[in-house]
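# Structural characterization, general
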Amino acid sequence: MTGSHSVWIVTGGSRGIGAATAVMAGSRGASVCVNYVSNSTAAQAVVEQITDVGGRAIAVRGDMAVEADVVALFNACQTAFGTPTVLVNNAGVLDQEGRLEGFSADRIARIIDLNVTGALVCAREAVKRMSTNNGGSGGSIVNISSMAAMLGGGATYVDYAASKGAIDALTIGLSREVAREGIRVNGVRPGVIETEIHASGGNPTRARDLADTVPMGRAGTAEEVAEAIFWLASDAASYVTGSSINVSGGR
Ligand code: NAP
């Protein structure tokens, strides 16, 4: 599902792990739909990094928590490059660190709407197009979870951690559902990775602050996560489905 005929959709592809993944896939021969929700400058920069090395990419705005936007993203991809062969279900948010007693239902819903419902709807649209049952040619879905699904996010963001636990269940369940339809479904659990997500949790230096708690003694890079995503999406992982890889420096 990589190489010159692969067509990738990367949700949240404008920054962080999604951007690194989009650039990696695009520079290795894939056509890439770079989804973003508000930062068109960042999305355009990712597209340019790909086209500058002779690759093919477009930026597509869309809120992955909104069903109509998800469908529009898949339709835009179909129009530009043909049927997607890889979905990287990456768009995700967290919120200010704290304890559950302080979390409003609105805050929790915002996280679940994107991280869980959005990921499910994106996966649904991918299966509709990729499944050999539906006349598709197969494909690969990589869901971006988090080590928070294993560690629980206590006293920081249990809501976010719970949303990532749901992603791990999605990876296992959907992989079994579509295993005979040419679709592999896997996950990646990043640990502490240097991106701008930590600023949105109110702690921009979090990745560096936590470096000492990581057995390897440092935060990871978005590119290190992208390598695992790329491998899982590629034909090199042809017998791998229902697996989630920790990319966490041992944390
Ligand atoms: P990031 O740097 O904050 O980037 C977030 C990306 O998601 C941006 O491209 C943003 O688009 C996009 N986005 C946000 N809300 C969206 C929405 N409603 N619809 C579509 N796109 C949306 O995040 P990151 O650190 O790369 O995280 C990527 C994934 O890895 C997330 O699922 C996250 O939970 C997971 N993860 C990250 C870490 C870490 O330490 N960084 C650890 C574990 C798991 P705009 O540019 O338009 O805002």
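Here goes a summary of the coordinates provided. This one's a predicted model, so the numbers in the text were calculated from it and none came from an experiment. (Residues numbered from 1 in each chain as written. Predicted model: local features only at pLDDT ≥ 70, side-chain atom pairs only at ≥ 80, totals over all residues. Heavy atoms only, no water.)

When its secondary structure is counted, the chain shows 9 helices and 7 strands. Seen through its principal axes, the chain has C-alpha atoms that stretch 50 × 40 × 35 Å. Counting only residues that meet the buried cut, the chain has 52% of its 251 residues in that class. Within the chain, contacts between residues separated by at least 24 positions form 72% of all contacts whose residues are at least 6 apart in sequence. (Helix = DSSP H or I, 4+ residues; strand = E, 2+ residues; numbered from the N terminus. Buried < 20%, exposed > 50% of the residue type's maximum accessible area, 1.4 Å probe, protein only. Contact = heavy atoms within 4.5 Å.)

In the vicinity of the ligand there are 32 residues, among which Ser14, Ser38, Asn90, Tyr160 and Thr195 approach most closely. Interatomic distance of 2.9 Å between a side-chain N/O atom of lysine 164 and an oxygen atom of the ligand. Here an oxygen atom of the ligand sits 3.2 Å away from a polar atom, N or O, in the side chain of histidine 198. Here the ligand, which alone exposes 910 Å², has 94% of that area covered by the protein. Looking at the shell around the ligand, the elements that each hand over two or more residues are α1 (16–27), β2 (31–36), α6 (158–177) and α7 (197–200). Taken together, the residues that form the shell around the ligand break down as 13 nonpolar, 15 polar and 4 charged. (Near = heavy atom within 4 Å. Polar contact = N/O pair within 3.5 Å; in protein donor to acceptor, adjacent residues only side chain to side chain. Areas by Shrake-Rupley, 256 points an atom, 1.4 Å probe, with all protein chains shown as cover. Nonpolar A, V, L, I, M, F, W, Y, C, P; charged D, E, K, R; others polar.)

Further remarks concern helix α2 (residues 40–52). With 13 residues, α2 should cover 18 Å at 1.5 Å per step; its first-to-last C-alpha distance of 18 Å lies within 8% of that length. Listing the buried residues of α2 in full gives Ala42, Ala43, Val46, Val47 and Ile50. Looking straight down α2, one finds that the buried residues subtend no more than 140 degrees of arc, so they occupy a single side. Turned more than 90 degrees away from the buried face of α2 sit Thr41 and Asp52, all of them exposed. The inward-facing, buried residues of α2 contact α1, β2 and β3 (56–61). Glycine 54 occupies a position one or two residues after α2 and carries a positive phi of about 90 degrees. (Expected span 1.5 Å × (residues − 1). Arc of directions from axis to C-beta.)

So, about unusual backbone geometry. Phi at alanine 155 takes a positive value of approximately 65 degrees, unusual for a residue other than glycine. Among the structural elements, alanine 155 can be located in the loop between α5 (148–151) and α6. Classification of alanine 155 by relative accessible area gives exposed; the value is 56%.

Another point: the environment of arginine 206. With respect to the helices and strands, arginine 206 occurs in helix α8 (residues 206–209). Residue class for arginine 206 comes out buried when judged on its relative accessible area of 14%. Each C-alpha atom of the pair arginine 206 and valine 192 lies 8.3 Å from the other, and the pair is 14 residues apart in sequence. In this view, arginine 206 contacts Glu97, Tyr157, Val192 and His198; residues no more than four positions away in its chain are not counted.

Reading across the sheet, the 7 strands line up as β3-β2-β1-β4-β5-β6-β7 and stay open at both edges, with parallel pairing between neighbours. Each edge of the open sheet carries a strand with a single partner, namely β3 and β7 (244–247). When the angles between neighbouring strand axes are averaged without regard to direction, this sheet yields 15 degrees. Across 4 bridges, strand β1 (residues 7–10) lies against β2 in parallel orientation. (Pairing = 2+ DSSP bridges. Axes fitted to C-alpha atoms, helices over the stretch in contact; angles between N-to-C directions.)

Counting across every chain of the model gives 2 aromatic pairs. Residues tryptophan 8 and phenylalanine 230 carry aromatic rings whose centres are separated by 5.7 Å and whose planes lie at 20 degrees to one another, so their mutual orientation is stacked. Separated by 222 residues along the polypeptide, tryptophan 8 in strand β1 and phenylalanine 230 in helix α9 (residues 222–233) bring together distant segments of the chain. On the basis of relative accessibility, which here comes to 0%, the residue tryptophan 8 falls in the buried class. The class for phenylalanine 230 is buried, based on a relative accessible area of 13%. With centroids separated by 5.3 Å and ring planes inclined at 70 degrees, the aromatic side chains of tyrosine 157 and tyrosine 160 adopt a geometry described as edge-to-face. Tyrosine 160 shares its class with tyrosine 157; the two are buried. A cation over an aromatic ring shows up here: arginine 28 above the ring of phenylalanine 230, its NZ or CZ 4.7 Å from the ring centre. Here arginine 107 stacks its cationic end above the ring of phenylalanine 103, 3.5 Å away from the centre of that ring. (Phe/Tyr/Trp six-rings, centres within 6.5 Å; stacked < 30°, edge-to-face > 60°. Lys NZ or Arg CZ within 6 Å of the ring centre and 35° of its normal.)

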